[in-house]
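Reading the structure
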Amino acid sequence: MIDIKLVESFVLLMRCGSLTRAEDACGISKATLSRQISKLEEVLGVQLLVRSTRRTAPTEAGRAFYARCEELLADVRAKLEAAQTEVHDMSDGLAGHLSLLSDSQFSTTFVCYVMSQFMQRYPNVRCDVSIAHVDPAPAIEEADCYICTTPPDLPNLVGKLLGRMSYSLYASPQYLQRYGVPKSPADLVLHKAVMLHATKNAGECRLHSQETSVVYRPQSVITTNDYWIMKTFCMDGFGIALLPDFFSRPEASSGALVPVLADWKPEPMRIYCAYQKQRYMGRKLRSFINFMVECFQHIDSIHHYVGSAPKQSKWP
C-alpha cells in the first residue's frame, strides 16, 4: 500500500521543479521531502527522479507516474468534497462556509448584494468574498464559485451562465463641455478614452445600432485593470469610458456621468458562475447559484454605491 502523503510530496516536487521551491510552497523541509521521495521509490521499486547538486529531473518512469498521480489526486479531492457536501446536507437548514471569487466589477455591487440577501435568508452561512487574482485570494479551483466573464479552462470546472450584461459609453458633463458631445461613432476618434488594458484586438470593440455596426478603437489616455478606477477617471473628466450599465446607473441618475451615443452599444457581455461540478451536489452552493440567477434578472436595480462628481475638475 502506497501512503498518499508520499504521492502528494512527489507531485509537489514535480510541480515546483526543485526541493527548495517545494519547501517554500508547503513548509516541509527539503530533507523530509527527499526522504519521502526515496521511500516512494523504494515502495515502487523504480527510480522516479535523477538528482544532482543543480537540478532534479524526472526519469521516464517518473513522468509516467506523475501523469497518473495528478489524475489520482484530482479524483481523491473530488470524492472528499462530495463526501463533505453530503455531510453538510444532513444538517437542518443551510450552514457552513461559502467561498466566492469575483472579477472586480462585480465585487462591491452585484456579489455583495446577492451575498447579503442570501445570508439574511440563511443566517448560519459564513462567507468569504475575494477579488480574483489579488493576493491573498484563494486559487479559483479552491473557491466554491467564481463570478467572471470567461470561465477558466480548468479540470472539472463548470461555467453556468447567469445572464448578459449591457454596456454603454459614458463621460462626465465637464468632459463633454470641454471637448464636445460626439454626434456619431465617427466623432469618437477625436476623443480621449479611459479603458481596460488592451485585449487581443488592441482594445477595439464593435458598436451596434438598429441598422448597422462600426468598429470603435479607443484613443486611450488612461488604461487600468479595474472598473472602479475606470469610472473614477471618467467622472474626473479624463475621457469617455465603456462601462457596464448597472455599474454606472447611480452616477448617471445623479448626473455625475452622461451616456454618450446612447443608440450605439456593444454586444451584451455574458456573465458566468464557475464552480467545481462535484461541489454543486451540495445544497448550499446549489441554492446560492440559483439565487444568483434570480438576482441577475434585476441587476439594473441592484447597484447603489454612488460615486460623486468632483466640484472642480482637474485637467491633465
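Residue positions are counted from 1 within each chain, in the order its sequence is given. In view of the model being predicted, local features appear only for residues whose pLDDT reaches at least 70, and side-chain atom pairs are presented and counted only at 80 or more, with totals across whole chains, interfaces and linings using the full set of residues. Excluded from the side-chain calculations are hydrogens and water; all other atoms, namely the structure's heavy atoms, are used.

1. Some points on the overall build of the protein chain
When its secondary structure is counted, the protein chain shows 9 helices and 14 strands. Whether a residue is buried, partly exposed or exposed follows from its accessible area with a 1.4 Å probe, protein chains only, as a fraction of its type maximum: under 20%, in between, or over 50%, in that order. The buried share among the 316 residues of the protein chain stands at 40%. Put simply, 76% of the contacts in the protein chain that link residues at least 6 apart link residues at least 24 apart. Note on areas: Shrake-Rupley with a 1.4 Å probe; residue coverage comes only from the protein chains shown. Total accessible area computed for the protein chain in this model is approximately 17,400 Å², and 52% of it derives from carbon and sulfur atoms. Helix and strand definitions follow DSSP, with helices as H or I runs of at least four residues and strands as E runs of at least two, each counted in order from the N terminus. Should any heavy atoms of two residues lie within 4.5 Å, those residues are counted as being in contact.

2. Describing the sheet that holds strand E7 (residues 167-171)
Ordered by their spatial adjacency, 5 strands build an open sheet running E11-E8-E12-E7-E13, and the pairing between neighbours is mixed. Strands at the two margins of the open sheet, each flanked by one partner only, are strand E11 (220-224) and strand E13 (258-260). With strand direction ignored, the average angle separating the axes of adjacent strands in the sheet is 40 degrees. Note: two strands are recorded as paired if DSSP finds a minimum of 2 bridges between them. Note that E7 and strand E12 (residues 240-244) share 4 bridges and pair antiparallel. Interaxial angles span 0 to 180 degrees and are taken between N-to-C directions of axes, which are lines fitted to C-alpha atoms, for helices over the stretch in contact.

3. Some remarks on the packing of aromatic side chains
Only Phe, Tyr and Trp rings are paired, with Trp represented by its six-membered ring, and only when their centres lie within 6.5 Å; those with planes under 30 degrees apart are stacked, over 60 edge-to-face, the remainder tilted. According to the stated counting rule, one finds 11 aromatic pairs in the structure shown. Plain terms: the ring middles of Phe-118 and Tyr-122 are 4.9 Å apart, the flat faces sit at 55 degrees to each other, and that makes the pair tilted. The class for Phe-118 is buried, based on a relative accessible area of 1%. Measuring from ring centre to ring centre gives 4.6 Å for Tyr-175 and Tyr-179, while their planes differ by 35 degrees; the resulting arrangement is tilted. With Tyr-175 and Tyr-179 both in helix H6 (residues 173-179), this residue pair falls 4 residues apart, about one helical turn. An aromatic cluster of three or more residues is present, and its members are Tyr-167, Tyr-227, Trp-228, Phe-246 and Phe-247. A ring has a charge above it when a Lys NZ or an Arg CZ is no more than 6 Å from the ring centre and no more than 35 degrees off the ring normal. For the cation-ring pair, Lys-231 lies above Trp-228, with the distance from its terminal atom to the ring centre recorded as 4.5 Å. Above the ring of Phe-247, the side-chain terminus of Lys-231 is found at 3.7 Å from the ring centroid.

4. Concerning the sheet that holds strand E3 (residues 96-102)
Either a parallel or an antiparallel arrangement is found when strands of a sheet pair, and the pairing is made through backbone hydrogen bonds. With mixed pairing, 5 strands are arranged side by side in an open sheet as E4-E3-E5-E14-E6. Because the sheet does not close on itself, it has two edges, and the strands there are strand E4 (125-131) and strand E6 (157-165). Direction aside, the axes of adjacent strands within the sheet are offset by 20 degrees on average. Pairing of E6 with strand E14 (residues 269-276), which is carried by 8 bridges, proceeds in the antiparallel orientation. Pairing of Met-165 across the sheet is with Met-269, part of E14. Across the sheet, helix H9 (residues 283-296) lies against E3, strand E5 (145-148), E6 and E14, angled at about 20 degrees from E6, the strand it touches most.

5. Looking at the environment of Pro-152
Note on placement: Pro-152 falls in the loop between E5 and E6. By relative accessible area, which is 21% here, Pro-152 ends up partly exposed. Apart from the residues within four sequence positions on either side, Pro-152 is in contact with Ile-140, Tyr-146, Leu-157 and Ala-274.

6. Thoughts on the pattern of salt bridges
Salt bridges are defined by distance alone: a side-chain nitrogen of Lys or Arg within 4 Å of a carboxyl oxygen of Asp or Glu. What the rule picks out here adds up to 4 salt bridges. The shortest N-O distance in the salt bridge between Glu-71 and Arg-68 comes to 3.8 Å. With Glu-71 and Arg-68 both in helix H4 (residues 60-90) and 3 residues apart, the pair spans about one turn of that helix. This pair shows no difference in class: Glu-71 is exposed, exactly as Arg-68 is. Ionic pairing is found between Glu-251 and Lys-231, a salt bridge with its closest N-O pair at 3.1 Å. Of this pair, Glu-251 sits in helix H8 (residues 245-254) while Lys-231 is found in helix H7 (residues 227-235), placing the two residues 20 residues apart along the sequence. Each member of the pair Glu-251 and Lys-231 is classed as buried.

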